[in-house]
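Spelled out, the chains give:
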Amino acid sequence: MNKKWLFILSIFILFNGYSQNTDSTTNKNQYIPALDGSLKTKVEFDTEHGKMRFEVRNARFGTKGNVNQYVGYRAEIDLSDEGKIRMLDAFVKITPINNLDIYMGQRKVPFGTDYLRSPVENLFANRSFVAKYVNDGLRDIGFTVNYRLKTAIPIDLWAAAMNGTGSNNPQWIDRPNYAARATISPLKNFRVAGNLYQGATLLEKNLTMVGGELRYQNKNLLIETEYMQRHFTDTLNVDNHQDGFYIHSCYNFHTKSKMIKIISPVLRWDLMGKDIFYGDKSAERITGGVNFGFDVKQFMSEIRLNYEKYLCGIYSGHFDKFVVEFVAKF
């Protein structure tokens with residue numbers, strides 16, 4: 001079926017279901033699906049080669065809700081994920097007891113902080129190297145469990161098993177890949193996280209990924225750093241190693257203006273390579289800028305002005321650039 005007509009049919013079914021639920025009895029009102037979406041559009045100026053481009057980076061639409069007190073769901077599609085239509089989240093969630101959620105379906109594998117953010121919740125127009133390259137391909141179909149310990153020291157635990165074949169690709173496998181993630185908040189405003197992933201992908205054997213994170217966040221200030229490493233054997237039986245690291249910060253100035261509610265200077269240093277601690281880097285940059293928020297809640301509607309200064313870079317698009325991005329979440 002033509003993708004355009006498939007999309008139109010999907011939207012029709014979605015809104016038809018929404019309409020039918022709206023007419024349901026009063027005691028079912030709490031189970032009416034919630035519709036949401038987000039848009040990221042930008043213009044980039046290549047300051048090294050004198051070129052520019054406009055881009056719709058993301059155009060996401062989704063629905064989520066509960067069937068009853070135990071079962072919920074989420075379905076989301078991106079009409080412009082780097083120019084392609086992709087199904088994103090598509091899972092059923094079961095909550096048998098308080099603080100325990102069980103997921104079956106497609107979603108992001110619980111690994112890393114920057115990667116798990118939605119595009120509009122990024123502080124910058126372009127993702128970090130950790131999220132874009134080191135964590136690449138970690139949206140998958142599988143089974144995920146999340147348990148939250150509401151103790152004096154809050155702990156959030158995740159465990160997952162998945163195909164390892166990537167999103168929208170339910171191939172038969174010999175055994176699943178596994179992932180685990182834990183976040184701990186030992187002090188007020190301070191969080192520590194650790195991640196582990198093991199298995200294989202279509203092009204990687206003996207894949208092991210590990211990572212750690214530190215975050216400090218109060219009402220207005222965020223300072224966060226994350227380190228990831230990826231080991232695997234490629235199709236030629238050659239061992240590979242890749243590191244990724246970033247540290248970024250943001251400070252929110254709240255204003256009394258009728259239009260601009262938040263002004264947020266942002267700064268990031270990130271790099272990646274075969275061994276970044278010994279100088280074997282494939283990319284390194286410093287990103288600075290300022291975000292202007294039109295809502296009292298951050299990330300709902302923003303203009304982001306970023307400048308990326310590359311200290312080194314070997315991949316396509318790794319050159320100095322100025323970015324203007326418009327963001328809307330609804």
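> Provide a residue-level description of the pattern of salt bridges, including the pertinent values.
Applying the stated criterion to the full structure yields 24 salt bridges. A salt bridge links R53 to E44; the nearest nitrogen and oxygen atoms lie 2.8 Å apart. Between E224 and R215 there is a salt bridge, and its shortest N-O distance comes to 3.0 Å. Assigned by exposure class, E224 and R215 land together as buried. Taken together, the shared-partner salt bridges connect K40, E302, R304 and E325 into one network.

> So what's going on with the side chain of E284? Which residues, and what values?
Here E284 lies in strand 15 (residues 280–293). Separated by 2.7 Å, the side chains of E284 and K281 make a polar contact. Setting aside anything within four residues of it in sequence, one finds E284 in contact with F129, W269, D270, L271, K309, Y310, L311 and C312.

> Please set out the environment of A179 residue by residue, giving values where relevant.
Mapped onto the elements of the fold, A179 is located in strand 8 (residues 177–187). Expressed as a C-alpha distance, the spacing of A179 and Y197, which sit 18 residues apart in the sequence, is 4.3 Å. Contact partners of A179, with chain neighbours within four places excluded, come to V109, P110, W158, A159, A160, M162, L196 and Y197.

> Explain the nonpolar core to me, using residue names and the numbers behind them.
In terms of nonpolar packing, the biggest core is built from 16 residues, with V109, F111, L138, M162, A179, Y197 and M209 touching the most fellow members. For this core, the elements supplying multiple residues, two or more each, are helix 2 (129–134), strand 7 (155–162), strand 10 (205–217) and strand 11 (221–233). No other element matches the three residues that helix 2 contributes to this core. Sequence-distant contacts of F111, that is, excluding residues within four places in its chain, are made with L116, N135, L138, R181, N195, L196, Y197, M209, V210, G211 and M228. Judged by nonpolar contacts, the second largest core, of six residues, contains L123, C250, V266 and F299.

> Kindly report on the pairing of strand 12 (residues 239–251), identifying the contributing residues and their values.
In the case of a regular strand, side chains alternate between the two sheet surfaces. Where strand 11 meets strand 12, 13 bridges bridge the pair, whose relative direction is antiparallel. Note on strand 12: the bridge partner recorded for I223 is S249. Between strand 11 and strand 12, which pair antiparallel in sequence order, lie five residues; one of them, N237, sits at a positive phi of approximately 65°. Relative to strand 14 (residues 262–275), strand 12 runs antiparallel, the two being bridged by eight bridges. From the neighbouring strand, F245 faces strand 14, where its bridge partner is L271.

> Quick rundown of the environment of T225? Include the residues and the values.
Tracing the backbone through its elements, the reader meets T225 in strand 11. Considering only alpha carbons, one finds T225 and L214, 11 residues apart in sequence, at a separation of 5.5 Å.

> If you had to explain unusual backbone geometry to someone new, which residues and values would you point to?
Positive phi, normally seen in glycine, also occurs at N189, with a value near 70°. Structurally, N189 is set in the loop between strand 8 and strand 9 (190–199). One non-glycine residue, N237, adopts positive backbone phi at about 65°. Checked against the element boundaries, N237 lands in the loop between strand 11 and strand 12.

> Describe the environment of H254, and please don't skip the residues or the numbers.
Positionally, H254 belongs in strand 13 (residues 253–254). Given a relative accessible area of 47%, H254 falls into the partly exposed group. For H254 and L187, which are 67 residues apart along the polypeptide, the C-alpha to C-alpha distance reads 26 Å. Separated by 3.0 Å, the side chains of H254 and N220 make a polar contact.

> Mind laying out the pairing of strand 7, listing which residues take part and the relevant values?
Across eight bridges, strand 6 (residues 139–149) lies against strand 7 in antiparallel orientation. If you follow T144 over to strand 7, its bridge partner there is A160. Where strand 6 folds back onto strand 7 in an antiparallel hairpin, the turn is made up of five residues. Summarising the sheet, strand 7 and strand 8 pair through eight bridges and their orientation is antiparallel. Each residue of the ladder has a partner; that of M162, found in strand 8, is N177.

Quick notes on the rules
Residues numbered from 1 in each chain as written. Predicted model: local features only at pLDDT ≥ 70, side-chain atom pairs only at ≥ 80, totals over all residues. Heavy atoms only, no water. Salt bridge = Lys/Arg side-chain N within 4 Å of Asp/Glu carboxyl O. Buried < 20%, exposed > 50% of the residue type's maximum accessible area, 1.4 Å probe, protein only. Helix = DSSP H or I, 4+ residues; strand = E, 2+ residues; numbered from the N terminus. Polar contact = N/O pair within 3.5 Å; in protein donor to acceptor, adjacent residues only side chain to side chain. Contact = heavy atoms within 4.5 Å. Core = buried A, V, L, I, M, F, W, Y, C linked by side-chain atoms within 4.5 Å. Pairing = 2+ DSSP bridges.

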